[in-house]
Each structure stands twice: as structure tokens, then as C-alpha cells.
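# A closer look at the structure
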Amino acid sequence: QVQLVESGGGLVQAGGSLSLSCAASGRRFSINAMGWFRQAPGKEREFVAAINLSVGRTYYADSAKGRFTISRDNAKNTVYLQMNSLKPEDTAVYYCAAGIIYTDYVARKKYNYWGQGTQVTVSS
């Protein structure tokens, strides 16, 4: 019912910046929140940031606070993740997710829809 497409991944040097986008289509009224998760090789997929689409309330993992900013443009049905001061440990596949969520935004199981992911590689 909802399709998510990520874009903006790539290769960047440590200390640099990168901006990711997630465009939603389909029955977008079936979701009220969107978020970003990431998964590095050999590691579990982890929460990065999330946003409530109606009021704009944001949530961040400790690793993202102060460096990453999640935002939304409802007119464009798009959520963004601005990543600054990137570190090699930020290297991962970044996934966009969406769902109807009122509590526990960090939990993967709360999200019903997932994008295919976009690779972010931070070199030293």
C-alpha cells in the first residue's frame, strides 16, 4: 500500500556531509511516522532517527544526536536525513521505514513498510 524509495547515498570522507531522501507513494494516509534505520555488515539493523509526519516531533539515536537531522516535506511526500560530521562507523546501508506509530519509535517491529536501502560509505 505504501512504497518507499531512498536516494542520496554515496561515498564521503570522514567529517563530510551527506543528505538522504525517502519518497513515499501509494496510500500514504496509512502512515503517520517515518524513520531511518541502518545496518552495517555483520551487525543488527539499528534505529537512527524518526519523525511524526503531522506535528514534526523528532526522535534520534544517541549516535545521531548533534550530527544528524531528520525533516519532512509533506507537500512532497518526502523525508530527509541530513548527516553531518560523518564518521567511518556511520558506514552502513540506510533504510527508510514507515508505519502507524504512537509509541516506541525506535522499534523495527513498529514499521510496516521499508525501502530497499541506500549505501553510505564514510572513508577515513
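The numbering scheme is per chain: residues are counted from 1 as the chain's sequence reads. Restriction of local features to residues with pLDDT of at least 70 applies here, the model being predicted, together with a cutoff of 80 or more for giving and counting side-chain atom pairs; totals for whole chains, interfaces and linings are based on all residues. To get the side-chain values, all heavy atoms of the structure are used, and hydrogens and water are removed first.

Now for the overall build of the chain. Regarding its fold elements, the chain presents zero helices and 11 strands. The helix count covers DSSP runs of H or I at least four residues long, the strand count covers runs of E at least two residues long, and both are numbered beginning at the N terminus. Reading the chain from its N terminus to its C terminus gives the helix and strand order β-β-β-β-β-β-β-β-β-β-β. Throughout, the radius of gyration refers to the C-alpha atoms, and the reference size of a globule is 2.2 Å times the residue count to the power 0.38. Computed over its C-alpha atoms, the radius of gyration of the chain comes to 13 Å, within 12% of the 14 Å expected for a compact globule of 124 residues. For the chain, the residues scored as buried account for 44% of the 124 residues in total. Residue contacts follow a heavy-atom distance rule, with two residues in contact if any of their heavy atoms lie within 4.5 Å. Sequence separation of 24 or more characterises 56% of the internal contacts of the chain that already satisfy a separation of 6 or more. Accessibility throughout is a Shrake-Rupley quantity obtained with a 1.4 Å probe, and a residue counts as covered only by protein chains that appear here. Accessible area for the chain stands at about 6,500 Å²; split by element, carbon and sulfur atoms hold 47% of it. We score Asp and Glu as negative and Lys and Arg as positive, and we do not count His or the chain ends. Here the site of a charge means atom NZ of a Lys, CZ of an Arg, CG of an Asp or CD of a Glu. Seen as two clouds, the 14 positive and the 8 negative side-chain charges of the chain have centres 6 Å apart. We call a residue buried when its accessible area falls under 20% of the maximum for its residue type, exposed when it is over 50%, and partly exposed in between, using a 1.4 Å probe and counting protein chains only.

Moving on: the environment of Ala-23. Examined against the element boundaries, Ala-23 turns out to sit in strand β3 (residues 18-26). Remark: the alpha-carbon pair of Ala-23 and Cys-96, spanning 73 residues in sequence, is separated by 9.0 Å. Apart from residues no more than four positions distant in its own chain, Ala-23 is found in contact with Gln-3, Leu-4, Val-5, Asn-77 and Thr-78.

Glancing now at unusual backbone geometry. In this structure, Asn-77 is a non-glycine residue whose phi angle is positive, near 55°. By the element assignment, Asn-77 lies in the loop between β7 (68-73) and β8 (78-83). Phi is positive for Ser-85, close to 50°, though the residue is something other than glycine. Within the secondary structure, Ser-85 is located in the loop between β8 and β9 (92-99).

Next up on the list: the side chain of Asn-32. Along the chain, Asn-32 falls in the loop between β3 and β4 (33-39). According to the relative accessible area criterion, Asn-32 is buried, its value standing at 15%. With near-sequence residues (within four places) excluded, Asn-32 lies in contact with Ile-51, Asn-52, Leu-53, Ser-54, Gly-99, Ile-100, Ile-101, Tyr-102 and Tyr-105.

For the rest of this paragraph, the subject is the pairing of β4. Across the seven residues of β4, six count as buried, placing the element largely inside the fold. Between β4 and strand β5 (residues 46-52), which pair antiparallel and follow one another directly, the connecting turn spans six residues, one of which, Gly-42, has a positive phi of 75°. Only when DSSP finds a minimum of two bridges between them are two strands counted as paired. Relative to β9, β4 runs antiparallel, the two sharing seven bridges. Bridging from a neighbouring strand, Ala-33 pairs with Gly-99 of β9.

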